[in-house]
There are 2 protein chains.
Amino acid sequence: MSKVIVVGIGPGEYEQMTIKAANALKECDVIVGYTVYIDLVRDHFPGKIFLTTPMTREVERCEMAFEEAKKGQTVAMICSGDAGVYGMSGLIYEVSVKYPEVDVEVLPGVTAALSGAAVLGAPLIHDFALISLSDLLTPWEKIEKRLYMASEADFVICLYNPSSRKRHDYLMKACDIMLKFKSPDTVCGTVKNIGRDGEEIHVCTLAELREMSVDMFTTVFIGNSQTKEIGGKMVTPRGYRM
Amino acid sequence: MSKVIVVGIGPGEYEQMTIKAANALKECDVIVGYTVYIDLVRDHFPGKIFLTTPMTREVERCEMAFEEAKKGQTVAMICSGDAGVYGMSGLIYEVSVKYPEVDVEVLPGVTAALSGAAVLGAPLIHDFALISLSDLLTPWEKIEKRLYMASEADFVICLYNPSSRKRHDYLMKACDIMLKFKSPDTVCGTVKNIGRDGEEIHVCTLAELREMSVDMFTTVFIGNSQTKEIGGKMVTPRGYRM
C-alpha cells in the first residue's frame with residue numbers, strides 16, 4: 001500500500017517510543033529522517049531501507065518519502081519527540097497535495113516538553129505555552145510578543161530551541177521579557193539530552209536562568225506564580241485554590 | 001523497593017502507551033488510578049493489585065499509593081494522557097514530602113493535545129498554548145486572561161475540559177474571547193474519544209465552533225492565522241515565511 005506514516009519517536013531512548021510507533025517502524029519498508037534521528041533507531045530495526053537528508057532539507061525529505069511510497073512502499077518518516085510539535089506532519093500534509101494517491105497517517109510521540117517535564121519533576125501540570133526561540137521561520141517580534149503575553153497571563157512557559165551558535169543571547173533576551181511580568185524568584189528548570197547519554201537537569205530561579213548559557217539540546221521551563229521547588233524537583237500545583 | 005511511579009498511559013488504546021510505561025506496569029506490584037483509567041488497562045496486566053478512588057479524591061489516591069509503597073511495594077499511579085499535563089505527578093510530589101522513604105519517578109505519555117493533533121492532521125506544529133476551561137481549581141478570570149493573551153499573540157490554542165454538565169456554555173464564552181483577536185474564519189478542529197471507541201473528528205471555522213456543543217471527552221484546537229484545511233485535515237505551517 002502507498003502510505004507515508006509520520007512517526008514521533010520520543011526523546012531518543014527506544015523504550016520511550018509508543019508501542020504503536022515501534023510496530024509501525026517494524027512493519028514499514030523504508031524509514032526516512034534527519035541523519036541524527038536515523039542513527040537513534042537504526043539498530044532496533046534491522047533490514048529496513050534508511051534514507052536521510054540533512055537538517056535544512058525538509059521539503060526534499062518529504063518528497064523523498066512520497067516518491068518511495070509511490071513505488072508501493074510503506075514509508076515511515078521519523079521525527080524526534082512528537083510528529084506534530086515542531087515535527088514533520090505539517091509539511092508532509094502540505095506536500096501531500098502533490099501525491100493524492102498516497103495515504104498519510106500520523107503517530108504521535110512524547111515531545112520534549114513532556115519528557116523533559118518528567119525528568120524535572122512536574123513543571124507543567126496546568127496551562128502552559130510552548131514557544132520556540134528559533135527565528136529561522138518566525139519573525140523575532142512575533143516570538144517577543146508571545147513571550148510577553150504568555151508571561152503576563154501567568155502561563156508556565158516551555159522554550160524549545162533556546163540557543164544556537166548564531167543565537168547565543170536569545171535566552172537572555174527572552175528572560176528579560178519574561179522578567180517584566182514574572183518574579184525573578186520564579187522557579188525554572190533546564191533539561192539537557194533528555195532520555196539520552198549525558199542527561200542533565202538544573203533547577204534555578206528566573207534571575208539565575210538569565211545568566212545561564214544552554215545549548216540547542218536543552219529544553220527550558222519557566223514556572224508560573226505557583227511553581228515551587230520540592231526536594232530538588234520543579235513542581236507546579238494543579239490550580240490556585242489548593 | 002519503595003517506589004511510586006507516575007505513569008502516563010496515553011489516550012487509552014494500549015498500543016499508544018510507551019514501551020517504558022508498559023514495562024513499568026508489567027513489573028510493578030500495585031496499580032492505582034481513577035476507576036475509568038484502571039478499566040482501560042486492567043486486561044493487559046493480569047495478576048496486579050488494582051486500587052481505585054473516584055474522580056475528586058486525588059489527594060486520597062496519592063496517599064493510598066504512598067501507603068502501599070511504604071509496605072515495600074512498587075506502585076504505579078496511572079494517568080490518562082501524560083503524567084504531567086493535568087496529570088498526577090504534581091500532586092504526587094506535593095504529597096511525597098510526607099513519605100521521604102519512598103522514591104518517586106515519572107514516566108511521560110502522549111497527552112490529548114498530541115494524540116488529538118495526530119488524528120486531526122497537524123494543527124499544532126508550531127508555538128501553542130494549552131488551556132483548561134475547568135474553573136474547579138482556577139478562577140475563571142485567570143482562564144479568560146489566558147484566552148485573551150494567547151489569542152492576541154496568535155498562538156494555536158488547545159482546549160482541555162471544554163465542557164461539562166455545569167459548564168455547558170464555557171466553550172461559547174471562550175470562542176467569544178478568542179474572536180476578539182482571531183478571525184471567525186480561523187480553522188478549528190475537535191476530536192472526541194481519541195484512540196477509543198467512537199473516535200470522531202470535526203474540522204470547522206471558529207465562528208462555527210462557537211455554535212457547537214462538545215462533551216467532556218472532546219479536545220478542541222483553534223488554529224493560528226496561518227492554519228489551513230488540507231483535504232479535510234487541520235494543518236498549521238512551520239512558520240511565517242514558507
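Residues numbered from 1 in each chain as written. Chains lettered and ligands numbered in written order. Predicted model: local features only at pLDDT ≥ 70, side-chain atom pairs only at ≥ 80, totals over all residues. Heavy atoms only, no water.

Asks: It is not clear to me how the overall build of chain A should be interpreted in this structure. Could you clarify?
Replies: What chain A contains, in helices and strands, is eight helices and 13 strands. Against the globule reference of 18 Å for 242 residues, chain A gives a C-alpha radius of gyration of 19 Å, in line with a compact fold. For chain A, the spread of C-alpha atoms along the three principal axes comes to 55 × 35 × 35 Å. A buried classification covers 61% of the 242 residues belonging to chain A. Of all intrachain contacts in chain A linking residues separated by at least 6 positions in sequence, the fraction that spans at least 24 positions is 69%. With the model as given, the accessible surface of chain A reaches about 9200 Å², and the carbon-plus-sulfur share is 49%. Separation between the mean location of the 26 positive side-chain charges and that of the 32 negative ones in chain A comes to 2 Å. (Helix = DSSP H or I, 4+ residues; strand = E, 2+ residues; numbered from the N terminus. Rg over C-alpha atoms; globule rule 2.2 N^0.38 Å. Buried < 20%, exposed > 50% of the residue type's maximum accessible area, 1.4 Å probe, protein only. Contact = heavy atoms within 4.5 Å. Areas by Shrake-Rupley, 256 points an atom, 1.4 Å probe, with all protein chains shown as cover. Lys, Arg positive; Asp, Glu negative; His and termini not counted. Charge placed at Lys NZ, Arg CZ, Asp CG, Glu CD.)

Asks: Looking at this structure, I do not really get the environment of Y34(B). What am I missing?
Replies: In this structure, Y34(B) sits in strand β2 (residues 30-34). It is 37 Å that separates the C-alpha atoms of Y34(B) and E152(B), two residues lying 118 residues apart in sequence.

Asks: Looking at this model, I keep getting lost on the packing of aromatic side chains. Mind explaining?
Replies: Note on aromatic pairs: each is described by the distance of the centres and the angle between the planes. Residues and elements named next belong to chain A. In this structure the tally under the stated criterion is 13 aromatic pairs over all chains. Arranged with centres 6.2 Å apart and planes meeting at 85°, the rings of Y148 and F181 form a pair that is edge-to-face. Of the two residues, Y148 is situated in helix α6 (residues 140-152) and F181 in the loop between α7 (170-178) and β9 (187-192); the sequence distance between them amounts to 33 residues. Assessed through its relative accessible area of 38%, F181 is described here as partly exposed. (Phe/Tyr/Trp six-rings, centres within 6.5 Å; stacked < 30°, edge-to-face > 60°.)

Asks: It is not clear to me how the pattern of salt bridges should be interpreted in this structure. Could you clarify?
Replies: Should their charged atoms come close, side chains of opposite charge can pair. All chains considered together, the criterion is met by 28 salt bridges over all chains. For the salt bridge of K192(A) with D215(A), the shortest nitrogen-to-oxygen distance reads 3.4 Å. Note that K192(A) is positioned in strand β9 and D215(A) in the loop between α8 (206-211) and β11 (218-222), a separation of 23 residues in sequence. Accessibility expressed as a relative area gives 29% for K192(A), which makes it partly exposed. The structure contains a network of salt bridges with shared partners spanning D127(A), D154(A), K142(B) and R146(B). (Salt bridge = Lys/Arg side-chain N within 4 Å of Asp/Glu carboxyl O.)

Asks: Is there a simple way to think about the sheet that holds strand β4 (residues 74-79) of chain A in this case?
Replies: Hydrogen bonds between backbone groups are what pair the strands of a sheet, and the pairing can be parallel or antiparallel. Residues and elements named next belong to chain A. Read from one edge of the open sheet, five strands run β3-β2-β4-β1-β5, paired in parallel fashion. Looking at which strands have only one partner, the edges of the open sheet turn out to be β3 (49-53) and β5 (103-107). Within the sheet, the average angular offset between the axes of one strand and its neighbour, ignoring direction, is 20°. In the sheet, strand β1 (residues 3-8) pairs with β4 via six bridges, with the strands oriented parallel. Across the sheet, residue I5 finds its bridge partner in β4, namely A76. Sheet strands in contact with helix α4 (residues 89-96) are β1, β4 and β5, and its direction is about 175° off that of β5. (Pairing = 2+ DSSP bridges. Axes fitted to C-alpha atoms, helices over the stretch in contact; angles between N-to-C directions.)

Asks: Explain the packing of helix α3 (residues 58-70) of chain A against α4(A) here, please?
Replies: In a packed pair of helices, the relevant descriptors are the angle between the two axes and the axis-to-axis distance. Residues and elements named next belong to chain A. Interhelical geometry of α3 versus α4 gives an angle of 60° and a closest axis separation of 10 Å. For the pair α3 and α4, the crossing hand works out as right-handed. Touching E58, V59, C62, E63 and F66 of α3 are L91, I92, V95 and S96, all from α4. The residue inventory of the contact of α3 with α4, partitioned by class, reads six nonpolar, one polar and two charged. (Left-handed = near helix turned anticlockwise from the far one by under 90°. Nonpolar A, V, L, I, M, F, W, Y, C, P; charged D, E, K, R; others polar.)

Asks: I would appreciate a short explanation of the pairing of strand β7 (residues 128-132) of chain A in the present structure.
Replies: Consecutive side chains along a regular strand alternate between the two faces of the sheet. Residues and elements named next belong to chain A. In terms of burial, β7 is largely enclosed, as five of its five residues are buried. Of the two faces of β7, the one lined by F128, L130 and S132 and the one lined by A129 and I131 are each fully buried. Relative to strand β8 (residues 156-160), β7 runs parallel, the two sharing five bridges. Bridged to F128 within β8 is V156. With α6 bridging β7 and the parallel β8, this β-α-β connection has right-handed handedness. (Right-handed = clockwise from strand over helix to strand, strands pointing away.)

Asks: Is there a simple way to think about the packing of α6(A) against α7(A) in this case?
Replies: Residue and element names in this part refer to chain A. The contact between α6 and α7 brings their axes to 9 Å, and the two run at 40°. The angle between α6 and α7 falls in the class oblique. Both α6 and α7 take part in a crossing whose hand is right-handed. Along its contact with α6, which presents W140, E144, L147, Y148 and S151, the element α7 presents Y170, K173, A174, I177 and M178. For the contact of α6 with α7, the residue count by class is seven nonpolar, one polar and two charged. (Parallel < 35°, antiparallel > 145°, perpendicular 65-115°, else oblique.)

Asks: I would appreciate a short explanation of the relation of the copies chain B and chain A in the present structure.
Replies: In summary, the two copies of the chain are related to each other by a rotation about an axis coupled with a shift along it. For these two chains of identical sequence, chain B goes onto chain A by a turn of 180° and a shift of 0.0 Å along the axis, with RMSD 0.0 Å. Expressed as an axis order, the relation between the two copies is that of a two-fold axis. Both copies present the same face, since 100% of the interface residues in chain B are matched by interface residues at the equivalent positions in chain A. (Least-squares fit on C-alpha atoms with pLDDT ≥ 70 in both.)

Asks: Is there a simple way to explain helix α5 (residues 112-120) of chain B in this structure?
Replies: In an α-helix, one turn spans 3.6 residues, which is why side chains three or four residues apart end up on the same side. All names here are of chain B. In terms of residue burial, α5 counts as a mostly covered element, since nine of its nine residues are buried. Looking only at α5, the buried set comprises A112, A113, L114, S115, G116, A117, A118, V119 and L120. Note on α5: the residue one or two positions beyond its end, G121, has a positive phi of about 130°.

Asks: What is the right way to look at the sheet that holds strand β6 (residues 121-122) of chain A in this model?
Replies: All names here are of chain A. If you trace the three strands from one edge of the open sheet to the other, you get β6-β13-β12, paired in mixed fashion. Pairing within the sheet leaves two strands with one partner each, and these edge strands are β6 and β12 (228-230). The pairing of β12 with strand β13 (residues 233-235) spans three bridges and is classified as antiparallel. Bridge pairing in β13 links K228 to V235.

Asks: How do you make sense of the pairing of β8(A) when you look at a structure like this?
Replies: Residues and elements named next belong to chain A. When you tally the buried positions in β8, you get five out of five residues, the bulk of the element. Side chains V156, C158 and Y160 project from β8 onto one buried face, and the interleaved I157 and L159 project onto a second face that is buried too. Relative to β11, β8 is paired through three bridges, and the arrangement is antiparallel. Within β11, the position partnered with C158 by the bridge is F221.

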